[in-house]
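One letter stands for each residue in the lines below.
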Amino acid sequence: MTTAQEHFEVGQALFERYKALQERVGADWTTGARQAARALLLSIAARYRAAIAAGHPRADGLAWSVDTVTGWAEDHAIWIAFDLTAPEGVS
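Not measured: the values here are computed from a predicted model.

**Re the pattern of salt bridges**
Going through the model one piece at a time under the given rule, you end up with two salt bridges. Note that Asp83 is salt-bridged to Arg34, the shortest N-O span being 3.9 Å. You can see Asp83 sitting in helix H3 (residues 59–85) and its partner Arg34 sitting in helix H2 (residues 31–53), a full 49 residues away along the chain. Residue classification places Asp83 among the partly exposed residues on the basis of a relative accessible area of 29%. On the basis of relative accessibility, which here comes to 12%, the residue Arg34 falls in the buried class.

**Comments concerning the environment of Ile44**
With respect to the element layout, Ile44 can be found in helix H2. Separated by 31 residues in sequence, Ile44 and Ala13 place their C-alpha atoms 8.7 Å apart. Once residues within four sequence positions are removed from consideration, Ile44 is found in contact with Gly11, Leu14, Phe15, Tyr18 and Val69.

**Here's the deal with the environment of Thr85**
Relative to the helices and strands, Thr85 resides in helix H3. Residue classification places Thr85 among the exposed residues on the basis of a relative accessible area of 63%. Separated by 33 residues in sequence, Thr85 and Ile52 have C-alpha atoms that sit 37 Å apart. In this structure the side chain of Thr85 is engaged in a polar contact, spanning 2.7 Å, whose partner is the backbone oxygen of Ala81.

Reading guide: rules and limits
- Residues numbered from 1 in each chain as written.
- Predicted model: local features only at pLDDT ≥ 70, side-chain atom pairs only at ≥ 80, totals over all residues.
- Heavy atoms only, no water.
- Salt bridge = Lys/Arg side-chain N within 4 Å of Asp/Glu carboxyl O.
- Helix = DSSP H or I, 4+ residues; strand = E, 2+ residues; numbered from the N terminus.
- Buried < 20%, exposed > 50% of the residue type's maximum accessible area, 1.4 Å probe, protein only.
- Contact = heavy atoms within 4.5 Å.
- Polar contact = N/O pair within 3.5 Å; in protein donor to acceptor, adjacent residues only side chain to side chain.

What follows is the structure, encoded as structure tokens:
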């Protein structure tokens, strides 16, 4: 069984991957990069939720983090939808 700390550590490692993706992309987000970012953010939120459910001592802070990264994932979803539906030449 995975412990609260293990879930937290996996979430942290995923967040480091997200930050590395942000650095690589800079200001030139493509639909694919946004999809990868969204997937990472949703995975982070899932791991932090699991850590909270398993009784992690920083549950309050993790709950805030879940809300934050979920919001960022929703922002990426909006941009993905725009990218896929925008007329040619509109960005």
